[in-house]
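Breakdown of the fold
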Amino acid sequence: MVATVLAGVVAGTATAAGSADGKAAAGVAADASFDVLGYDVAIGYQPDTQTLEGDTTVSATATEALDSLTLQLSGPAVRSVAVDGEKAESFSRAGEQDLVIVPATPIGRGDRFRVRVTYDGTPGPGWLGTTSGGATTMIGSSSAWFPVHDDARDRASFSLAATVPDGWRAVSVGREGTMVRTAGASTFRWAERDVDPDHVAVTIDRLTTVRSALADGTPVVDAYAPGLRDATEPLAKRLPEVLGFLSGRFGPYPFDAAGNVFVHVNDDGPGIAPQTRTVYLGAGNEQYMTLRLVVHEQAHQWYGVSVTPHDPEDVCLSECFAEYATWLWDEERDGVDLDARYRDLVEANRGDDAFWGELYRPGATPQINLYSKGPVALHALRRQVGDEAFDRLLRAWPQEHRGEYATWPQLESFAEQVTGQDLTGFYRAWFRGAGVPSDEYLWPGELAP
Ligand SMILES: [Zn+2]
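Please read all numbers here as calculations on a predicted model, not as lab measurements.

What follows is about the overall build of the protein chain. Per the secondary structure count, the protein chain includes 11 helices and 24 strands. Relative to the 2.2 N^0.38 estimate, which gives 22 Å for 449 residues, the radius of gyration of the protein chain is 22 Å and therefore close to what a compact globule would have. The C-alpha extent of the protein chain, read off along each of the three principal axes, is 70 × 50 × 40 Å. Per-residue burial for the protein chain yields a buried fraction of 58% across its 449 residues. Counting only carbon and sulfur atoms, one obtains 47% of the accessible surface of the protein chain, whose full area is about 17,000 Å². The positive charge centre, built from 36 side chains, and the negative charge centre, built from 63, are 5 Å apart in the protein chain.

In structure tokens form, the structure reads like this:
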């Protein structure tokens, strides 16, 4: 949840404030030469050696003629590559994670094709060991364990068959399939119809899984690493209530599966929001196991996962709103006076330049103030446009941009459309500018002294 904390969790990987907690790719140009339709991922994982064997098929459509194509895979060694069943002419590794594939037969523009990659070894950065001997994955780290069309803003279907030794379980995103037991091992299946690859995750541990359902029948799977269930199950049980609250503010829950995964990576582990199933990386630490964190992470399913920030610079779309969701919860559930909180925060931070830094600056990932100034700025926006217009905005954005990659300027235009107000000056004061806004924007509407 908190970027400064994230840096400590996954030293050496590219993590700072990012889409739904974690990803902050340095502006990598999107490769639009092909469009992935689906990932069919099979892995076998050995917790004792922390190694995996993988066999992944990527189905795609070429948007231009392809003599070669590049997927991203870091860590494991590639053993074979075939395109449409034919052994690739060559494959090579480039940079930290590129896998450059030359098919034996060039792919024509508009052709559908399938790339099958087999690989084995130690997973790449973002594959995190748990204190109970298992593993889980960071947001934006799919290339650590399967070949992926990364940084391409390319949603696709995802299915996983994860084989683990007896006593271990694998939990991923989406709906649970049928588990198959073989000698000494079990295969766990998960599938999600449409997902941004940065928001795929898997957790392998000696998990206890508990199944339930939301009121509308949406299946819920909660998973607990050893020793964590007693402390965390009370929070897991609040999930239907939290999703109900958020649906009331943001519109219908965007997915057809839900749940929580509680593991312990280290004491500084925050929560992260893969699609459908939040992973609490520091579930051994009471400091992070709060209802606020649950509300924040679940809010990402609307703000950050279903509607994904297009670039790291757009991440206020994700974090400012997820954090403001906790304000809304405090207001409705605990009767907190948000205007008073706002005034207190403005006064307490007046002299703190870091607090007042830009929330949106093209080409730059915003700083930690997303979590502090972000909700203050959104509360000012609410007072600027009025409750009724603000409520319509909160609800309309995730519904109208569902399943899309969106930019901050799109949100700005959308808010002006929904509210019928010219907010240019307001945005400059609160989102695009640094420093304390002038009184006109600092004390809008009911906040006026
Ligand atoms: Zn977050």
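Put plainly, a disulfide is one covalent bond tying together the sulfur atoms of two cysteines. The final tally for this structure, using the stated rule, is one disulfide. In this model Cys 316 forms its disulfide with Cys 320; the gap between the sulfur atoms is 2.1 Å. Measuring handedness by torsion sign, the sulfur bridge of Cys 316 and Cys 320 sits at about -115° and is left-handed. Of this pair, Cys 316 and Cys 320 are both found in helix 5 (residues 316-334), four residues apart, which corresponds to roughly one turn of the helix. The buried category is assigned to Cys 320, whose relative accessible area is 0%.

Position of Ser 33 among the secondary structure elements: in the loop between strand 1 (15-19) and strand 2 (34-46). Under the relative-accessibility criterion, Ser 33 is labelled buried at 10%. Other than its neighbours up to four places away in sequence, Ser 33 contacts Ala 62, Thr 63, Glu 64 and Leu 66.

On to the sheet that holds strand 8 (residues 98-102). The antiparallel open sheet is built from three strands, whose spatial order is 4-8-7. Across the chains shown, the open sheet's two edge strands, defined by having one partner strand only, are strand 4 (69-72) and strand 7 (90-94). Strand-to-strand, the axes of this sheet are offset by a mean angle of 25°, without reference to chain direction. Pairing of strand 4 with strand 8 involves four bridges; the strand directions are antiparallel. Its bridge partner lying in strand 8, Gln 72 is registered against Asp 98.

What follows covers the environment of Glu 53. Among the secondary structure elements, Glu 53 is positioned in strand 3 (residues 51-62). Placed 148 residues apart in sequence, Glu 53 and Ala 201 show a C-alpha to C-alpha distance of 17 Å.

Attention now goes to the nonpolar core. Most often, soluble globular proteins have nonpolar side chains that are buried together. Counting residues in hydrophobic clusters, the biggest one holds 137 residues, and the most contacted among them are Phe 113, Trp 145, Phe 158, Trp 430 and Phe 431. With 10 residues, helix 5 is the largest single contributor of residues to this core.

It is worth spelling out empty space enclosed by the protein at this point. For the structure shown, the criterion picks out two cavities of 30 Å³ or more. In this model, the second largest cavity occupies a volume close to 40 Å³. Lining the second largest cavity, in full, are Val 171, Ser 172, Val 173, Ala 201, Val 202, Thr 203, Val 261, Pro 274, Arg 277 and Val 279. The set of elements that each furnish at least two residues to the lining of the second largest cavity consists of strand 13 (169-172) and strand 17 (202-205).

Strand order in this open sheet of five strands is 18-19-20-22-21, and the pairing throughout is mixed. Each of the sheet's edge strands pairs with one partner strand only, and the pair in question is strand 18 (208-213) and strand 21 (271-272). With three bridges joining them, strand 20 (residues 258-262) and strand 22 (residues 278-280) adopt parallel strand pairing. Within strand 22, the position partnered with Asn 260 by the bridge is Thr 278. On top of the sheet, helix 4 (residues 291-299) reaches strand 20, strand 21 and strand 22; it is set at about 145° to strand 22, its chief contact.

Two numbers describe a pair of packed helices, the interaxial angle and the distance between the axes. Here helix 8 (residues 387-400) crosses helix 9 (residues 408-419) at 130°, and the two axes come no closer than 10 Å. One element, helix 8, and the other, helix 9, form an angle in the oblique class. In this structure, helix 8 crosses over helix 9, and the sense of that crossing is right-handed. Here Ala 389, Arg 392, Leu 393, Ala 396, Trp 397 and Glu 400 of helix 8 come into contact with helix 9, specifically with Gln 410, Leu 411, Phe 414, Ala 415, Val 418 and Thr 419. Residues that form the contact of helix 8 with helix 9 fall into these classes: eight nonpolar, two polar and two charged.

In this section: helix 9. Between its first and last C-alpha atoms helix 9 spans 16 Å; for 12 residues at 1.5 Å apiece the expected length is 16 Å, and the two agree. All buried positions along helix 9 are accounted for by Trp 408, Leu 411, Glu 412, Phe 414, Ala 415, Val 418 and Thr 419. When helix 9 is viewed along its axis, its buried side chains cluster within an angular range of 165° and face the same direction. Among the structural elements, helix 5, helix 7 (373-385), helix 8, strand 24 (405-406) and helix 10 (424-430) are those in contact with the buried residues of helix 9. Gly 420 occupies a position one or two residues after helix 9 and carries a positive phi of about 70°.

By volume, the second largest pocket amounts to about 220 Å³. The class makeup of the residues in the lining of the second largest pocket is three nonpolar, three polar and six charged.

Quick notes on the rules
Along each chain, residue indices are assigned from 1 in the same order as the chain's sequence is written. Two thresholds apply to this predicted model, a pLDDT of at least 70 for residue-level local features and 80 or more for giving and counting side-chain atom pairs, whereas whole-chain, interface and lining totals are computed over all residues. The side-chain figures draw on all heavy atoms in the structure; neither hydrogens nor water molecules are used. Put simply, DSSP H or I for four residues or longer makes a helix, DSSP E for two residues or longer makes a strand, and each gets a number counted from the N terminus. Each radius of gyration is computed over the set of C-alpha atoms, and the globule rule expresses the reference value as 2.2 Å times the number of residues to the power 0.38. The rule is simple: take the accessible area with a 1.4 Å probe, protein chains only, and divide by the maximum for that residue type; under 20% is buried, over 50% is exposed, in between is partly exposed. Shrake-Rupley sampling with a 1.4 Å probe provides the accessible areas, and residues are treated as covered by the protein chains on show and by no other component. The charge count includes Lys and Arg as positive and Asp and Glu as negative, but it does not include His or the ends of the chains. Here the site of a charge means atom NZ of a Lys, CZ of an Arg, CG of an Asp or CD of a Glu. Cysteine sulfur atoms are paired as a disulfide whenever they come within 2.5 Å of each other. The contact criterion used is simple: two residues touch if any of their non-hydrogen atoms lie within 4.5 Å. Pairing between strands requires that DSSP locate at least two bridges from one strand to the other. Lines fitted to C-alpha atoms define the axes, with helix axes restricted to the stretch in contact, and inter-axis angles between N-to-C directions lie between 0 and 180 degrees. What is meant by a nonpolar core is a set of buried Ala, Val, Leu, Ile, Met, Phe, Trp, Tyr and Cys residues, joined one to another through side-chain atoms within 4.5 Å. A 1.4 Å probe that fits but cannot get out identifies a cavity on a 1 Å grid over protein atoms alone, an open set with protein on both sides within 12 Å along at least five of seven lines counts as a pocket, and a residue lines either if it has an atom within 4 Å of a point. Grid points are joined across faces, edges and corners, and a volume is the space filled by probe spheres set on the points. Should an angle fall under 35 degrees it is called roughly parallel, over 145 degrees roughly antiparallel, and 65 to 115 degrees roughly perpendicular, with every other angle called oblique. Handedness of a crossing is defined here by the sense of rotation of the near helix relative to the far one, left-handed for an anticlockwise turn of less than a right angle and right-handed for a clockwise turn. Nonpolar residues are Ala, Val, Leu, Ile, Met, Phe, Trp, Tyr, Cys and Pro. Charged residues are Asp, Glu, Lys and Arg, and all others, Gly as well, are polar. In this analysis, the expected span of each helix is defined as 1.5 Å times one less than the number of residues it contains. An arc is given here, and it is the one of the directions from the helix axis to the C-beta atoms.

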